[in-house]
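Secondary and tertiary structure notes
One-letter residues, chain by chain:
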Amino acid sequence: MIYIQIFLAFFIPGILGYGGGPASIPLVEQEVVSNYGWMDSQQFAEVLALGNGLPGPIITKMAGYIGFMVGGIPGAIIAVTAAVLPSLLLMIFLAGLLYKMKGTKKFETLTALVRPVIAILLGVIAYDFFSGAFIQSGVVHTVVLIIASFLMLTKFKVHPALVILFGLVYGALLL
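Just so we're clear, the structure is a prediction, and the values are computed from it rather than from any experiment.

**Concerning the overall build of the protein chain**
Of the regular secondary structure elements, the protein chain holds seven helices and zero strands. Ordered by position in the sequence, the α and β elements of the protein chain form the string α-α-α-α-α-α-α. Principal axes of the C-alpha set define a box for the protein chain whose edges measure 50 × 45 × 25 Å. Taking contacts inside the protein chain between residues at least 6 apart in sequence as the whole, the part at least 24 apart equals 55%.

Here it is in structure tokens:
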């Protein structure tokens, strides 16, 4: 039964998430934290932070980790398969249709309407993570990390991977 739950926990966000990227994160959180209770919001935030530090699509990295945590190696395989299966099926069955529609007014309108939804989903998850960070790490550490990360990315043009590494080292040494 757990393997069916793992499959559904990642298949549903795979269907509803636009491209399996950042828009899928709140959907996965809903399934993993709220529906099945496999982890709390703080643990989910840590998995997300770790997943963002690795290359590749975020949903597959999270699926592999959470699937392994819940169901071992078979759970990881099932979770990753469930996460990529909707996109794979869409590519196989609808690629021709999408290529025909590309450049049309309907396709541009569809894409334009999806972008605000993704922005709102990302805003909600960012708010959840910031509020959790203030509670778990404290206001001072959270503000220091926000300002340092912002300056490193914008003013000093530090590679995002190094900014993530800085955050990991800061957390390991001071928290």
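**Topic: helix 3 (residues 41-52)**
For helix 3, with twelve residues, the first-to-last C-alpha span of 16 Å sits near the 16 Å given by 1.5 Å per residue. Residues of helix 3 that are buried include every one of Phe44, Ala45, Val47, Leu48 and Gly51, and no others. One face of helix 3 carries all of its buried residues, which in axial projection span an arc of 160°. Lining the buried residues of helix 3 we find helix 2 (25-35), helix 4 (58-101) and helix 5 (105-137). Its side-chain oxygen placed 3.1 Å from the backbone nitrogen of glutamine 42, aspartate 40 serves as the N-cap of helix 3.

**A short note on the side chain of threonine 111**
Structurally, the position occupied by threonine 111 is in helix 5. In terms of polar contacts, threonine 111 uses its side chain to reach the backbone carbonyl oxygen of phenylalanine 107, at 3.0 Å.

**Some thoughts on a nonpolar patch on the surface**
A grouping of Leu88, Leu89, Leu90, Met91, Ile92, Phe93, Leu94, Leu97 and Leu98 is seen on the molecular surface, where their side chains present a nonpolar patch of about 850 Å² in accessible area. In this fold, leucine 97 is placed in helix 4.

**Considering the nonpolar core**
Judged by nonpolar contacts, the single largest core of 22 residues is most densely connected at Phe10, Val28, Val32, Met39, Phe44, Met62 and Ile66. When contributions to this core are tallied by element, the ones reaching two or more residues are helix 1 (2-16), helix 2, helix 3 and helix 4. Per element, the largest residue contribution to this core is eight residues, and it comes from helix 4. Apart from residues lying up to four places away in sequence, methionine 39 is in contact with Val32, Val33, Phe44, Val47, Ile66 and Met69.

**Thoughts on the packing of aromatic side chains**
In the structure shown here, the tally under the stated rule is three aromatic pairs. Here the aromatic rings of tyrosine 36 and tryptophan 38 are separated by 4.7 Å at their centres, their planes lie at 10°, and the arrangement is stacked. We classify tyrosine 36 as partly exposed; its relative accessible area is 25%. Arranged with centres 6.1 Å apart and planes meeting at 40°, the rings of phenylalanine 166 and tyrosine 170 form a pair that is tilted. Of this pair, phenylalanine 166 and tyrosine 170 are both found in helix 7 (residues 160-174), four residues apart, which corresponds to roughly one turn of the helix. Here phenylalanine 166 falls in the partly exposed class, since its relative accessible area comes to 29%. We classify tyrosine 170 as buried; its relative accessible area is 11%.

**Quick word on the confidence of the model for the protein chain**
Looking at the protein chain, the pLDDT average stands at 90 and 98% of residues meet or exceed 70. Element-level mean pLDDT values for the protein chain span from 89 in helix 5 up to 95 in helix 6 (residues 139-154).

**Considerations on helix 4**
Taking 1.5 Å per residue as the helical rise, helix 4 with its 44 residues ought to reach 64 Å, whereas the 28 Å between its terminal C-alpha atoms falls clearly short. Bending of helix 4 peaks at approximately 145° at the position of glycine 71, with proline proline 74 no more than four residues after it. With its phi angle positive at about 95°, glycine 103 sits one or two positions after the end of helix 4.

**Details of the packing of helix 6 against helix 7**
At a minimum axis separation of 10 Å, helix 6 and helix 7 run at an interaxial angle of 155°. The angle between the axes of helix 6 and helix 7 places the two elements in the roughly antiparallel class. Crossing of helix 6 over helix 7 shows right-handed handedness. In this structure, helix 6 contributes His141, Val144, Leu145, Ala148, Ser149, Met152 and Leu153 to the contact, and helix 7 contributes Pro160, Leu162, Val163, Phe166, Gly167, Tyr170 and Leu174. Across the contact of helix 6 with helix 7, the residue classes break down as eleven nonpolar, three polar and no charged.

Calculation rules
- Each chain carries its own residue numbering, running from 1 in the direction its sequence is written.
- In keeping with the model being predicted, local features are shown solely for residues with a pLDDT of at least 70 and side-chain atom pairs are shown and tallied solely at 80 or more, while totals for entire chains, interfaces and linings include all residues.
- Derived side-chain values reflect all non-hydrogen atoms in the structure, with water molecules and hydrogen atoms excluded from consideration.
- Elements are defined by DSSP. Helices are runs of H or I of four residues or more, strands are runs of E of two residues or more, and each kind is numbered from the N terminus.
- Contacts are residue-level and defined by heavy atoms, with any inter-residue pair within 4.5 Å sufficient.
- Under the convention used throughout, the expected extent of a helix is 1.5 Å for every residue step, that is, one less than its residue count.
- Accessible area is worked out with a 1.4 Å probe on protein chains only. A residue is then buried under 20% of its type maximum, exposed over 50%, and partly exposed in between.
- What the arc measures is the spread of directions leading from the helix axis to the C-beta atoms.
- Throughout this description, a polar contact denotes any pair of N or O atoms lying within 3.5 Å of each other; where both atoms belong to protein, one of them has to be capable of donating a hydrogen while the other can accept it, and for residues adjacent in sequence the pair is counted only when both atoms sit in side chains.
- Exposure above 30% relative accessible area and the lack of any salt bridge qualify a residue for a patch; like charges then connect within 9 Å, and the nonpolar side chains Val, Leu, Ile, Met, Phe, Trp and Tyr within 5 Å.
- A 1.4 Å probe and the Shrake-Rupley method give the accessible areas. Residues count as covered only by the protein chains that appear here.
- For this analysis, a salt bridge means a side-chain nitrogen from Lys or Arg found within 4 Å of a carboxyl oxygen belonging to Asp or Glu.
- Put simply, a nonpolar core is a bunch of buried Ala, Val, Leu, Ile, Met, Phe, Trp, Tyr and Cys residues held in one set by side-chain atoms that sit within 4.5 Å of each other.
- Between rings of Phe, Tyr and Trp, where Trp is taken as its six-membered ring, a pair exists when centres lie within 6.5 Å; planes separated by under 30 degrees are stacked, by over 60 edge-to-face, and by other angles tilted.
- pLDDT expresses how confident the predictor is about each individual residue, on a scale running from 0 to 100.
- Bend angle per residue: angle between axes fitted to the 7 residues ending at that residue and the 7 residues starting there.
- The angle between two axes is taken between their N-to-C directions and runs from 0 to 180 degrees, where each axis is a line fitted to C-alpha atoms and a helix contributes only its stretch in contact.
- Every angle not falling under 35 degrees, over 145, or within 65 to 115 is termed oblique; those three ranges are roughly parallel, roughly antiparallel and roughly perpendicular.
- In this scheme, a crossing is called left-handed if the near helix is turned counterclockwise away from the far one by less than a right angle; it is called right-handed if the turn is clockwise.
- Polar here means any residue other than Ala, Val, Leu, Ile, Met, Phe, Trp, Tyr, Cys and Pro, which are nonpolar, and Asp, Glu, Lys and Arg, which are charged; Gly is therefore polar.

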